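# Structure at a glance
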Protein chains: 2
Amino acid sequence: MLRSDVDLISVDDHVIEHADVWQDRLPGRLKPRGPRVEERDGIPVWVYDGRAYPPLGLDAVAGDDPSKFTLKTKPFKDMRPGCYDPKARIADMDRDGVAAQLCFPQFPRFAGQTFAEAADKDLALLCVRAWNDFILDEWCATDPARFIPLAIVPLWDAALAAAEIERTAAKGARAITFTENPVPLGMPSFWTDHWDPMFSALEEAEMPMCLHIGSSSKITMPSTDVPMAVIVSLMALNSMSACSDLCFSTVFEKHPRLKVVFSEGGAGWAAYMLEKMDYVWSRHRHYNEVNQTRPPSETFDRHIWVAQITDAVGLATRHQIGVHKMLWESDYPHSDCLWPNSRANAEEQLRDVPDDEARMFAETNARRLFRFEKAS
Amino acid sequence: MLRSDVDLISVDDHVIEHADVWQDRLPGRLKPRGPRVEERDGIPVWVYDGRAYPPLGLDAVAGDDPSKFTLKTKPFKDMRPGCYDPKARIADMDRDGVAAQLCFPQFPRFAGQTFAEAADKDLALLCVRAWNDFILDEWCATDPARFIPLAIVPLWDAALAAAEIERTAAKGARAITFTENPVPLGMPSFWTDHWDPMFSALEEAEMPMCLHIGSSSKITMPSTDVPMAVIVSLMALNSMSACSDLCFSTVFEKHPRLKVVFSEGGAGWAAYMLEKMDYVWSRHRHYNEVNQTRPPSETFDRHIWVAQITDAVGLATRHQIGVHKMLWESDYPHSDCLWPNSRANAEEQLRDVPDDEARMFAETNARRLFRFEKAS
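In this report, the structure presented in the accompanying data block is examined. Keep in mind the model is a prediction, meaning the values are calculated, not measured. (Residues numbered from 1 in each chain as written. Chains lettered and ligands numbered in written order. Predicted model: local features only at pLDDT ≥ 70, side-chain atom pairs only at ≥ 80, totals over all residues.)

This paragraph deals with the nonpolar core. By size, the foremost hydrophobic cluster in this structure holds 248 residues, and its most contacted members are A:Leu150, A:Ile176, B:Leu150 and B:Ile176. Among residues more than four places away in sequence, those in contact with A:Leu150 are A:Leu102, A:Cys103, A:Phe104, A:Ile135, A:Ala173, A:Ala175, A:Ile176, A:Thr177 and A:Cys210. (Core = buried A, V, L, I, M, F, W, Y, C linked by C-beta atoms within 7 Å. Buried ≥ 20, exposed ≤ 12 C-beta atoms within 10 Å, placed from the backbone. Contact = placed C-beta atoms within 7 Å.)

A few words on the packing of helix α4 (residues 158–170) of chain A against helix α5 (residues 196–205) of chain A. Residue and element names in this part refer to chain A. One way to put it is that α4 packs onto α5 with a least axis distance of 7 Å and a crossing angle of 15 degrees. The angle between the axes of α4 and α5 places the two elements in the roughly parallel class. Once α4 is placed against α5, the crossing between them reads as right-handed. Counting all contacts with α4, which are made through Ala158, Ala159, Ala161, Ala162, Ile165, Glu166 and Ala169, the residues of α5 involved are Pro197, Met198, Ser200, Ala201, Leu202 and Ala205. Of the residues belonging to the contact of α4 with α5, the class tally is 11 nonpolar, 1 polar and 1 charged. (Axes fitted to C-alpha atoms, helices over the stretch in contact; angles between N-to-C directions. Helix = DSSP H or I, 4+ residues; strand = E, 2+ residues; numbered from the N terminus. Parallel < 35°, antiparallel > 145°, perpendicular 65-115°, else oblique. Left-handed = near helix turned anticlockwise from the far one by under 90°. Nonpolar A, V, L, I, M, F, W, Y, C, P; charged D, E, K, R; others polar.)

Residue and element names in this part refer to chain A. Read across the open sheet, the 6 strands follow the order β7-β8-β9-β10-β11-β12; overall the sheet is parallel. Each edge of the open sheet is held by one strand with a lone partner, namely β7 (150–151) and β12 (326–328). Pairing geometry for strand β10 (residues 260–263) and strand β11 (residues 304–308), over 3 bridges, is parallel. Looking across to β11, one finds that Val260 is bridged to Ile304. The strands touched by helix α7 (residues 236–248) within the sheet are β9 (209–212), β10 and β11, with β10 carrying the most contacts at an inclination of about 165 degrees. (Pairing = 2+ DSSP bridges.)

What follows covers the sheet that holds strand β3 (residues 43–48) of chain A. Residues and elements named next belong to chain A. The 3 strands lie next to each other as β2-β3-β4, forming an open sheet whose pairing is antiparallel. This sheet does not close on itself; its edge strands, each paired only once, are β2 (36–40) and β4 (51–53). Each neighbouring strand pair of the sheet contributes to a mean axis angle of 45 degrees, computed without reference to strand direction. In the sheet, β3 pairs with β4 via 3 bridges, with the strands oriented antiparallel. From the neighbouring strand, Trp46 faces β4, where its bridge partner is Tyr53.

Turning to the relation of the copies chain B and chain A, a few remarks are in order. By a simple turn and slide, chain B fits onto chain A: the slide is 0.0 Å along the axis, the RMSD is 0.0 Å, and the turn is 180 degrees. The superposition operator between the copies reduces to a two-fold rotation axis. Taking the C-alpha atom as reference, chain B places B:Trp269 closest to the rotation axis, 2.7 Å from it. The residues that chain B uses at the interface reappear at the interface of chain A in 100% of cases, marking a shared surface. (Least-squares fit on C-alpha atoms with pLDDT ≥ 70 in both.)

Structure follows, in C-alpha cells:
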C-alpha cells in the first residue's frame, strides 16, 4: 500500500505558459517577433513565426467534469490558475496529495518542436533559452522542493543541444525533454551518429531524456474517420515503437550512461514488449545489424523507465517489467489527469502492492533517476 | 498444464502454394495471365499482372536454425515439403504435436491484397475463387479433421465479397481472412457503411473474420534505418490499432453476431489495451461519436479473440483478457514458428495454468469459434 509518509512524485505534468514568458526575456528589438498572446475573433491565441496557435481546450481541464470536455480553445480566465501560476499550482498539488512535479512545455510542444519548425533559428534558439530560464528561474524557483527542472533543447542542432544541456545543467536542470522519434520531424534517426554530441552531454550531466507521447508530432490514427478517443487510446504505441527502436539500436552501446523515460506512455505494454523483443532477438538478430550480445530486455533494464497515470495492468506485471523501472505521474492539467483525486487513485491502485515496492514506484525511483533529493 | 488428451489447434499457419494452384483451375485462355512460377536469373518467382513476386526466404523456414535465417528467396526444392504438400504438412503436424491448422494464403498475401491490386478485376475474381477451391477441395480435403478451411474474398467489392462468403460457406469454409485496416489499401474505413453487406454475410454464415498482422500492407517502422528485427517486434501494433478502431466503432452495433480474430497479434498487450480503452472511454466519449453505452472492453469480450504463438505475458494476464478469448497458433512455416517444438513449448507455457483453462486455450475455444467439431 501507499503509506502516508511516501512523497508522491509526478514525472509528467505541464505548465501552461503565461502570456509574458518570452516577452519578459527576449531582447527589446526581438520582442515583437517572439511568441505573444493576441486576441483573435475573441479567442486568445499564441502568435509566433507568422502563425497562430490556438491552445487546445483539453490541455487545461484539471478538475473539469469529463462530460463537459471539449476540443475548443480555453482562455486563461477560464482555466484554474494552477495551470499557469506556480504558487496556485503548488496549492493544487497539496490538494492532490502530490509532493513534486516535473513539468513539460506547452506552447513549445512536448519536445520543443515549435521552435525547431521556425524559420529564424537565431530567434528560435533565444526562445528555447527563454523557456528554460522561465522554468528554472521563475517556475521551479518558486519552491525547488516541489518541482523537478526539465529543459528543452534546440532540436535542429545536436551541438547547440549539447551546449544548452551544459548551460541548463549548471543552473540546476535535472532532465531534458526530447523526441520519441526524430525522423517524422525531418531529423536523423537513432541509428545514425547525429545525436552523439547531445547524448554525450546528457551522460556527462547525468540528465535523463524524457520522451513524451506525441513528441514525434506523429500519432497512430487508423483513418481520418476515427474520433479522438481512438487516437488517445493508441498514444502508447509511440512509446512501444521508440522502445524497440532504441533497445535494438547501438545508442546505449555508445552511451552506456544514457537514461530514457517514456513519459505518459503507460506501463501495461512493457512486459509484453520485453518478452516480444527478446523472442525476436533470439530468432532474428543473426541476419540483422543489431547488438548481438545483449538481449533488448537487458538494455531496457539498464537504460529505460516507464511512467503511468493509472495502469493496473502495469502494476500487476511490475515484476516482469522491474519495479525499479516504474514511475508515477499525474499529467496535470491535461485531460487524463485525475486531479484532485490523483493520490486517492494511486492509493487504490497500490492497495495490494508491498509497501517497499509502492514507495519505489511513487517516490524513490524518481528521486534517484532525477537526482532530486528529499529536502532535509 | 496441457494434458495429453488435449488436441492442440493452431489458428494461424500458412500454405506455400504449389506452382499449379491457379494454372490447374483457371479457364484455358486465361492460364497465361494467371499466377504462374517462372525461373528468372535462376530464382523461381511468381509472375502475375505484369509483375514478378519473389518469395521471401523467411516465409518457409520451419525447422531451420534461426542463425541461418536469410531474407533471400527460397526455391521449392529447398523447402520442407510440408510447406506446399498437405500430406507432408500433416506428417509435420504429427511431429509437432498439432491436431489441426487454419492456413492463410501466401502468394495472395494475408488478406488477398495481391488480387485487389491487380488491374483486371474479372481475372482477379477468378483467382480468388481458384485459391478458395484449392484450399477447400485440395488442401483441406486431404484430411478434413486436420484443417480448418479459411477463404479469401475479393476485397475490392463488398457485394462480391458477400457472394464469395456464401459460396465458400456452402462448400465448408469456416472463416475468412480480411484486412486489419482497409484504409492503407485505399478502401473505406470501418467507420463507413461500405462493408455492411460483407459483415452481414459473415454473420449469416457464422464465419469469423481473421485479421492477420500485416494484412493492411502497412508496418510500424520508426525509420527506414531500422533492421527487420525492429519491424518484427512491432507487428502487434497493427492488431492494437485495429482493436481500438473496431471497439470504439459502430461495426458491432450494426453486426451483433460478427466475430474477429487478431491472427498472430499475440495477447500480452490485450489486458493493457482493455484497461486503456475503458479509461479513455470513461473520460473522452462525451465529445466523441462513439458507442455511449457499452465500454470497449465489453465489445471486445463479445466480439474479439486474440491468438499467440508463445506469449507468457498473455497467459499471465489471461484473467484480465478472458481465457475464453484466447487462441493458440503455430505459424508454420514462417520465421516465428517453433516447429517441431510447438507442443513442447505450449506445454512449458501452460505448466502452471489449470487444466480446464489450458484446454480452452489450446483446443475448445478454437473448436467453438470456428465450428470445428471433433471427429467422433
